Amino acid sequence: MPDSQPQPPPSSPSPGASDTTSLLLCGARLTDGRTVDVRLGGGRIEAVGTAGSLAAGGTRACGARVDLSGYLLLPAPVEPHAHGDTALSADTGGPVSYDPQDVQRRATEAALLQLGHGATALRAHVRVGDVQGLGALAAVLQARRSLRGLTELTAVATPRLLTGVAGAEGLAMLRDAVKMGASVVGGCPDLDPDPTGYVQAVLDVASEHGCPVDLHTDAGDPARLSRLAAMAGGLRPGVTLSPCGGLGRHPSEITSRTADQLAAAGVTVVCLPQGGCGGVERRGTAPVRLLRAAGVRVAAGSGALRDVSNPVGRGDPLEAAYLLASRHGLRPEDAYDAVSVSARAVLGLPEVRVEAGFPAELLAVRGERLAGALSLAYSRIVVHRGRVVARTSAVREFCDSAAAVELGLPRQGRVEPS
């Protein structure tokens, strides 16, 4: 049986070590098959060399070391679609509590859970208005402050109504939310009596404050989605739609035409292969291969993390990539891109490569190849701003077997601390 209790690998510095200290990652395998040493410093990758080439001069010269023998080193994934205010609320046995302390606790625990999976940044959609007012947002922003240095959390203000008399309060609260610290404006136009007016209101607020837009939509109405694409075209710093599961329910010619319109407008689609979220009622995953073929940037998020929308949601970006590969036919490299490179672009974060000069945002997963890592990604070491911030070690042990010895099968045993 796998042992999921966290166990530090040999020679690993403890999470929380200063990011000003040099850190040497030894013997890591890259996706191109090379085995390398990687030196980190000042929150960036300082050097990448063949295994053993950066260790000259001893620990004093190199700083702390982490032995990554047997690990695959990757750019860290990020989470482009979370719901921090409702996460981990499925087992409460009643209505979701929006008491600020409860929201802050859930948002903090959810962010740390996803950090353990490897996500060093996340975008959390937070409801504003109605009974929540701005209290839930204030709690998530407090969680963001408490998590600084461990993970980067950004908040999306998500009002329910924005048009007509009933929407006037929501519109005022959306503007207040941006002033409080929500760095993205969003919502669900499908739930407003005037979806087009809702989108226009969101775009107006985003334009006023120079904010990105991140909207929930099932994309079940092609004409409405075409209007949205036309309205969003050219808006900077950009428009994201998710989960767009309804796109897969249209005839292929309609879906293809809509995909071309989204690509021309520069709209990004974030799909949720692990399940839905509270922003839309229907399930389904966007047609990722068709969208990618049309030139639409497609990222993948987790959506609900153990709330009423998905009581068993894991919030694991590697599971999202696994599902894109196993269920939707993407190559492992393209599937991982959806939770790393493309997802970082959604969040407005700089690109990460395992090369000198790039941000030291890294994930080490036990395994030799990406396909295997997506299949059995149990043991993980997470690096944020050049320091180890989380690690999970899983050990599987078997009884002695003559067949295993005779065939030379690999066997991972428990490593006793030195």
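Conventions adopted
- Residues numbered from 1 in each chain as written.
- Predicted model: local features only at pLDDT ≥ 70, side-chain atom pairs only at ≥ 80, totals over all residues.
- Heavy atoms only, no water.
- Helix = DSSP H or I, 4+ residues; strand = E, 2+ residues; numbered from the N terminus.
- Buried < 20%, exposed > 50% of the residue type's maximum accessible area, 1.4 Å probe, protein only.
- Areas by Shrake-Rupley, 256 points an atom, 1.4 Å probe, with all protein chains shown as cover.
- Axes fitted to C-alpha atoms, helices over the stretch in contact; angles between N-to-C directions.
- Parallel < 35°, antiparallel > 145°, perpendicular 65-115°, else oblique.
- Left-handed = near helix turned anticlockwise from the far one by under 90°.
- Contact = heavy atoms within 4.5 Å.
- Nonpolar A, V, L, I, M, F, W, Y, C, P; charged D, E, K, R; others polar.
- Core = buried A, V, L, I, M, F, W, Y, C linked by side-chain atoms within 4.5 Å.
- pLDDT = per-residue confidence, 0-100.
- Pairing = 2+ DSSP bridges.
- Expected span 1.5 Å × (residues − 1).
- Salt bridge = Lys/Arg side-chain N within 4 Å of Asp/Glu carboxyl O.
- 1 Å grid on protein atoms, 1.4 Å probe; cavity = no way out; pocket = protein on both sides within 12 Å on 5 of 7 lines; lining within 4 Å.
- Points joined across faces, edges and corners; volume = space filled by probe spheres on them.
- Polar contact = N/O pair within 3.5 Å; in protein donor to acceptor, adjacent residues only side chain to side chain.

Participant: Give me the lowdown on the overall build of the chain, citing residues and values where you can.
Facilitator: Counting its secondary structure elements, the chain contains 13 helices and 16 strands. Of all 418 residues assigned to the chain, the portion counted as buried reaches 53%. Carbon and sulfur atoms make up 52% of the accessible area of the chain, which totals about 17900 Å².

Participant: Summarise the packing of helix 6 (residues 222-232) against helix 7 (residues 252-265); cite the residues concerned and give the values.
Facilitator: Helix 7 packs onto helix 6 with a crossing angle of 15° between their chain directions and a minimal axis gap of 8 Å. Taken together, the axes of helix 6 and helix 7 lie roughly parallel to each other. Between helix 6 and helix 7 lies a crossing whose hand is left-handed. Residue-level inspection shows P222, L225, S226, A229 and A232 of helix 6 in contact with helix 7, the latter providing I254, T258, Q261, L262 and A265. Residues belonging to the contact of helix 6 with helix 7 are distributed by class as follows: seven nonpolar, three polar and no charged.

Participant: Quick one: what's the story with the nonpolar core, residue by residue and with numbers?
Facilitator: Judged by nonpolar contacts, the single largest core of 78 residues is most densely connected at V213, L241, L262 and L291. The element that contributes the greatest number of residues to this core is helix 5 (residues 195-209), accounting for seven residues. If we skip the residues at most four places from it in the chain, V213 touches V184, V185, V202, L203, A206, L235, G238, V239 and T240. L23, L30, V66 and V383 belong to the second largest nonpolar core, which has 21 residues in total.

Participant: Mind laying out the confidence of the model for the chain, listing which residues take part and the relevant values?
Facilitator: Residues shown with low pLDDT carry predicted positions that ought not to be read at fine detail. Residues with a pLDDT of 70 or more make up 90% of the chain, whose mean pLDDT is 89. Confidence over residues 1-14 falls short of pLDDT 50; this stretch has 35 contacts with residues more than four positions distant or in other chains.

Participant: Just give me the short version of the pairing of strand 5 (residues 71-75), but keep the residues and values in it.
Facilitator: Taken residue by residue, a regular strand's side chains alternate between the two faces of the sheet. When you tally the buried positions in strand 5, you get five out of five residues, the bulk of the element. As paired strands, strand 5 and strand 14 (residues 362-366) are joined by five bridges and run antiparallel to one another. Looking at the pairing, P75 lines up with L362 of strand 14.

Participant: Help me get a handle on the sheet that holds strand 6 (residues 79-82), residues and values and all.
Facilitator: Overall, parallel pairing links the eight strands, which are arranged 6-7-8-9-10-11-12-13 in an open sheet. For this open sheet the edge positions go to strand 6 and strand 13 (298-300), each flanked by a neighbour on one side alone. This sheet shows a mean twist of 25° between the axes of neighbouring strands, independent of strand direction. By the bridge criterion, two bridges tie strand 11 (residues 239-243) to strand 12 (residues 268-271) in an arrangement that is parallel. Pairing of L241 across the sheet is with V269, part of strand 12.

Participant: I'd like to hear about the environment of L290, residue by residue, with values.
Facilitator: Residue placement: L290 occurs in helix 8 (residues 288-293). On the basis of relative accessible area, L290 is assigned to the partly exposed category, the value being 27%.

Participant: Any chance you could break down helix 5 for me, citing the residues and the numbers?
Facilitator: Between the first and last C-alpha of helix 5 there are 22 Å, a value that for 15 residues agrees with the 21 Å anticipated at 1.5 Å per step. Within helix 5 the residues assigned to the buried category are P195, Y198, V199, A201, V202, L203, V205 and A206. Within two residues after helix 5, G210 carries a phi angle of roughly 65°, on the positive side.

Participant: Describe in detail the packing of helix 9 (residues 317-326) against helix 10 (residues 332-339), supporting the description with residues and values.
Facilitator: Relative orientation of the contacting elements helix 9 and helix 10 amounts to 140°, with a least axis distance of 8 Å. Our classification of the angle between helix 9 and helix 10 gives oblique. Classified by chirality, the crossing of helix 10 by helix 9 is right-handed. The residues of helix 10 that touch helix 9, namely those facing P317, L318, A320, A321, L324 and A325, are A335, Y336, A338 and V339. Of the residues that constitute the contact of helix 9 with helix 10, the class distribution is ten nonpolar, no polar and no charged.

Participant: Explain the pattern of salt bridges to me, using residue names and the numbers behind them.
Facilitator: Per the counting criterion, the structure on display carries 17 salt bridges. It is possible to trace a salt-bridge network through shared partners that takes in R292, R331, E333 and D334.

Participant: Residue-level account of the pairing of strand 16 (residues 387-392), with values.
Facilitator: With five of six residues buried, strand 16 lies mostly within the body of the structure. When strand 15 (residues 380-384) meets strand 16, the two strands line up antiparallel, connected through five bridges. Among the inter-strand pairings, H384 is bridged to a residue of strand 16, identified as R387. With antiparallel pairing between neighbouring strands as the criterion, strand 15 and strand 16 make up a hairpin whose turn holds two residues, including R385 at a positive phi of roughly 55°.

Participant: How would you summarise empty space enclosed by the protein if you had to cite specific residues and measurements?
Facilitator: Across all of its chains, the model carries one cavity of 30 Å³ or more by this definition. Lining of the largest cavity is provided by 13 residues; of these, A82, H83, G84, A110 and Q114 occupy positions nearest its centre. When contributions to the lining of the largest cavity are tallied by element, the ones reaching two or more residues are helix 2 (100-117) and strand 7 (121-128). The leading source of residues in the lining of the largest cavity is helix 2, at four residues. Looking at the lining of the largest cavity residue by residue, the class counts come to nine nonpolar, four polar and no charged.

Participant: Before we move on, could you go through helix 2 and cite the residues and values that matter?
Facilitator: Here helix 2 is 18 residues long and its end C-alpha atoms lie 26 Å apart, about the 26 Å a rise of 1.5 Å per residue gives. Within the sequence span of helix 2, burial applies to V103, R106, A107, T108, A110, A111, Q114, L115, G116 and H117. Between a side-chain oxygen at the N-terminus of helix 2 and the backbone nitrogen of Q101 the separation is 3.0 Å; the capping residue is D99. Just beyond helix 2, the residue with positive phi is G118, at close to 125°.

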